[in-house]
Amino acid sequence: MSVSDFMTKTLIVAQPEMKIFDAVDLMKKNNIHRLPVVEKERIVGLITEGTIQSAMPSKATSLSVYEVNYLLNKTTVADVMVKKVQTIKPEASLEDGIYQMRQNNIGVLPVVDANEQLVGIITNNDIFDAFLKITGYNDGGTRIQLRIPEDHKGILADITKLLAENDFSILTVVVNRKELETIIELQIESRETTKIEQILKKAGYDVFEAVLVSKKT
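Residues numbered from 1 in each chain as written. Predicted model: local features only at pLDDT ≥ 70, side-chain atom pairs only at ≥ 80, totals over all residues. Heavy atoms only, no water.

**Here we look at the pattern of salt bridges**
Moving on, step 1. All chains considered together, the criterion is met by 5 salt bridges.
Moving on, step 2. A salt bridge links Glu185 to Arg143; the shortest N-O distance between them is 3.7 Å. A residue pair is termed long-range when its members are at least 10 positions apart, and Glu185 in strand E7 (residues 181-188) and Arg143 in strand E5 (residues 141-149) qualify at 42 residues.
Moving on, step 3. According to the relative accessible area criterion, Glu185 is buried, its value standing at 18%. (Salt bridge = Lys/Arg side-chain N within 4 Å of Asp/Glu carboxyl O. Helix = DSSP H or I, 4+ residues; strand = E, 2+ residues; numbered from the N terminus. Buried < 20%, exposed > 50% of the residue type's maximum accessible area, 1.4 Å probe, protein only.)

Right, dumping it as structure tokens:
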């Protein structure tokens, strides 16, 4: 899975010469918290609610309301935007995007192509959505968790064959390797939870969770 699979492609952007008040209105109108700043289709900065808040005069300032409004009306996006922006390529793996966000303690990565043109943006919310999709959370069906001994090669092929022979389709597979065992979580396209559990147990698998999950809309 790549960044391009989960990034937002319909972009709301700001220009460097845009006034701060206009940037705030744009974010409120579109219910977003940051804006890539673009010039000639290339990203030149990033403005967020946090950077705007930092640019606002302190409540302790001696300026009058009129002076504050005059100052803010003169302030442009270019005056307060973050200019050193972390970016990522659309073909990068989703894991690389997550790692880059974590390493730099940021919640957004503008996505740029080989020509450094902005083609998308991926945020921590997009990452959350990706996780839900990968785990099959929205799909419904039966979720099964199996404990597998650490040294058990070919186990996924065996499980897949067993379920296919009984006319069950696997939607997603998540493997969690621990020190002495491996946990395999399967999302199966069926509401016959009890039957699936019985088939797996009869085949010798250690089923420690079998639950019916509803489809999310």
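**A closer look at the pairing of E7**
Moving on, step 1. With 7 of its 8 residues buried, E7 lies for the most part within the structure.
Moving on, step 2. Bridge count for E5 against E7 is 8 bridges, and the pairing is antiparallel. When the sheet's bridge partners are listed, Pro149 is paired in E7 with Glu181.
Moving on, step 3. Linkage of strand E6 (residues 170-177) to E7, two consecutive antiparallel strands, is achieved through a turn of 3 residues. (Pairing = 2+ DSSP bridges.)

**Brief notes about the nonpolar core**
Within soluble globular proteins, side chains that are nonpolar tend to cluster in buried spots.
Moving on, step 1. Of all hydrophobic cores here, the largest spans 16 residues; its most connected members are Leu146, Ile159, Leu163, Leu200 and Tyr205.
Moving on, step 2. Elements with a contribution of two residues or more to this core: E5, helix H7 (155-165), E7 and helix H8 (193-202).
Moving on, step 3. Here this core gets 4 residues from one element, more than from any other, and that element is H7.
Moving on, step 4. Each residue touching Leu146, except ones within four places of it in the same chain, is listed here: Ile159, Thr182, Ile183, Ile184, Leu186, Leu200, Tyr205, Asp206, Val207 and Phe208. (Core = buried A, V, L, I, M, F, W, Y, C linked by side-chain atoms within 4.5 Å. Contact = heavy atoms within 4.5 Å.)

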